[in-house]
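These are the residues of each chain, in order.
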Amino acid sequence: MKKDFISLRDFTAQELLNLLVLANQVKQNPRQTADFLRGKSFALIFQKPSNRTRVSFETGIFQLGGNSVYLAPDDISLGKREPTEDIARTLSRYVDGIVARVFSHQDILDLAKFASVPVINGLSDLSHPCQAMADMFTIQEKFGSFKGLKMAYIGDGNNMTNSLLIAAAKLGMSMSVATPQGYEASADYVKAARECALKNGGTITLTNSPQEAVKGAQVIYTDTWVSMGQEEETTQRLKDFAGYQVDEKLLALASRDHIFMHCLPAHRGQEVSAAVIDGPRSVVFDEAENRLHMQKAIMIFLYTFKHA
Ligand code: CP
Ligand code: NVA
């Protein structure tokens, strides 16, 4: 049975912990896995732009001895030139895995349903699990463990928020999410995260107050106010998110040992001040680097998957 990486909701807490162990092994000893994908190819389907996801997957596949085939938005025109299920079936005859960055999450589900090879979610409008796991790996590197930590997410309740909620709750962190009214994270993801948090010793709090959210938090996270595909809403969003910038004044309320995180690309002067993202507590480029190690681990994890 092939295993996909679509949502962190599909994995147990123990499976996510195992993935973190694997990412650490891959990072510490990259030579050990240098042949893991020898003779294997991955198709990378991108409907949206990308720096980190594309480059870290292509490089990671190369470092594992495999080959990647990048398919830009106009190359296969997912869902337009031919049905998604035919793309999934065709690619499965050529390649050993598919990474897809899409608008509609349903496209990832359809690819996974009809492909006979593993499908990895490289971001959809609903979630960004590869980034969230690279972030958990970064948090573990900085703090050693998750228990007792509080993450504050400030800004737009988007794909990043949804994946972070599940990751944090499964790994035993507490999370407080501050968004303007009308920009909350997916209610379904919040409900699932609350159920996980209950089992794993954390709490999930929603608020409209950035000040309340960051109080005592060790991990402060933000993301763009205008995600890919929402460009037409820019003027309205910039108005609605006024007061939600992560700046030094806000961070004075956080735990003194806090770190600042952002999945990037960032917009200095909007969701974060330059002083914060370029300051000493920012770990944004560690997160970016960890995409590489984590995604190599995800590919190995899927091919060697055992329920835990
Ligand atoms: N964080 C992230 O996914 O970056 P890209 O959009 O550049 O891939
Ligand atoms: N929320 C952002 C994340 C980019 C990595 C977007 O979807 O554009």
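Details of the structure are given in the entry above.
A quick note: this is a predicted structure, and the numbers were derived from the prediction, not measured.

Visitor: Can you help me understand the packing of helix H4 (residues 84-94) against helix H5 (residues 105-114) in this one?
Guide: To characterise two packed helices, one gives the angle between the axes of the helices and the distance between these axes. Contact geometry for H4 and H5: axes closest at 8 Å, N-to-C directions at 45°. Comparing their axes, H5 and H4 come out oblique. Taken as a pair, H4 and H5 cross one another with a handedness that is right-handed. Between H4, through Thr84, Glu85, Ile87, Ala88 and Arg89, and H5, the contact on the second element is made entirely by Asp107, Asp110, Leu111 and Phe114.

Visitor: How do you make sense of the sheet that holds strand E4 (residues 119-121) when you look at a structure like this?
Guide: Backbone hydrogen bonds hold the strands of a sheet together, and the pairing may be parallel or antiparallel. Spatially, four strands are ordered E2-E1-E3-E4 in an open sheet, and the strand pairing comes out parallel. Of all strands in the sheet, those with a lone pairing partner are strand E2 (67-71) and E4, marking the two edges. Going from strand to strand, the sheet's axes swing by 20° on average, the running direction of each strand aside. As judged from the five bridges shared by strand E1 (residues 41-46) and strand E3 (residues 97-101), these two strands associate in the parallel manner. From the neighbouring strand, Leu44 faces E3, where its bridge partner is Val99. Sheet contacts for H5: E1, E3 and E4; angle to E4, the most-contacted strand, approximately 165°.

Visitor: What exactly am I supposed to notice about the site of ligand 1 here?
Guide: In the vicinity of ligand 1, the contacting residues are Ser50, Asn51, Arg52, Thr53, Arg101, His128, Gln131, Cys263, Leu264 and Arg291. Among the residues making up the shell around ligand 1, the classes are represented as two nonpolar, five polar and three charged.

Visitor: Help me out: how do you make sense of the state of the cysteines in this one?
Guide: By definition, a disulfide links two cysteine residues through a covalent bond between their sulfur atoms. Per the stated rule, a full pass over the model turns up zero disulfides. Just so you know, Cys130 is unpaired, no disulfide at all, and the nearest cysteine sulfur is the one on Cys263, 13 Å from it. Cys130 sits in the buried class, given a relative accessible area of 0%. In this structure Cys263 comes out as buried when scored by relative accessible area, which is 7%.

Visitor: Looking at this structure, how should I read the sheet that holds strand E7 (residues 204-207)?
Guide: The five strands are arranged E7-E6-E5-E8-E9 in an open sheet whose pairing can be described as parallel. The sheet terminates laterally at E7 and strand E9 (259-262), the two strands that pair on one side only. Put simply, the sheet's adjacent strands are angled 20° from each other on average, direction ignored. Pairing geometry for strand E6 (residues 174-178) and E7, over four bridges, is parallel. By the bridge assignment, Ser176 is partnered in E7 with Thr205. Against the sheet, helix H6 (residues 129-143) engages strand E5 (150-154), strand E8 (219-222) and E9, with an angle of about 165° to E9. Strand contacts of helix H7 (residues 159-170): E5, E6, E7 and E8, with the helix running at about 160° to E6, the strand carrying the most contacts.

Visitor: Would you take a moment to explain the side chain of Arg237 for this structure?
Guide: Mapped onto the elements, Arg237 comes out in helix H10 (residues 234-240). Taking relative accessible area as the criterion, Arg237 reaches 6% and is therefore assigned buried. Apart from residues no more than four positions distant in its own chain, Arg237 is found in contact with Asp156, Tyr183, Trp225, Val226 and Gln230.

Visitor: How should I be thinking about H6 in this particular structure?
Guide: An α-helix turns once per 3.6 residues; consequently, residues spaced three or four apart project the same way. For H6, spanning 15 residues, the distance from its first C-alpha to its last is 21 Å, which sits close to the expected 21 Å at 1.5 Å a residue. Most of H6 is tucked away, with eleven of its 15 residues classed as buried. Every buried residue of H6 is listed here: Pro129, Cys130, Gln131, Ala132, Met133, Ala134, Asp135, Met136, Phe137, Thr138 and Ile139. Note on H6: the residue one or two positions beyond its end, Gly144, has a positive phi of about 90°.

What counts, and where the lines are drawn
Residues numbered from 1 in each chain as written. Chains lettered and ligands numbered in written order. Predicted model: local features only at pLDDT ≥ 70, side-chain atom pairs only at ≥ 80, totals over all residues. Heavy atoms only, no water. Axes fitted to C-alpha atoms, helices over the stretch in contact; angles between N-to-C directions. Helix = DSSP H or I, 4+ residues; strand = E, 2+ residues; numbered from the N terminus. Parallel < 35°, antiparallel > 145°, perpendicular 65-115°, else oblique. Left-handed = near helix turned anticlockwise from the far one by under 90°. Contact = heavy atoms within 4.5 Å. Pairing = 2+ DSSP bridges. Near = heavy atom within 4 Å. Nonpolar A, V, L, I, M, F, W, Y, C, P; charged D, E, K, R; others polar. Disulfide = S-S within 2.5 Å. Buried < 20%, exposed > 50% of the residue type's maximum accessible area, 1.4 Å probe, protein only. Expected span 1.5 Å × (residues − 1).

In short, shape yes, function no, at least from these values alone.
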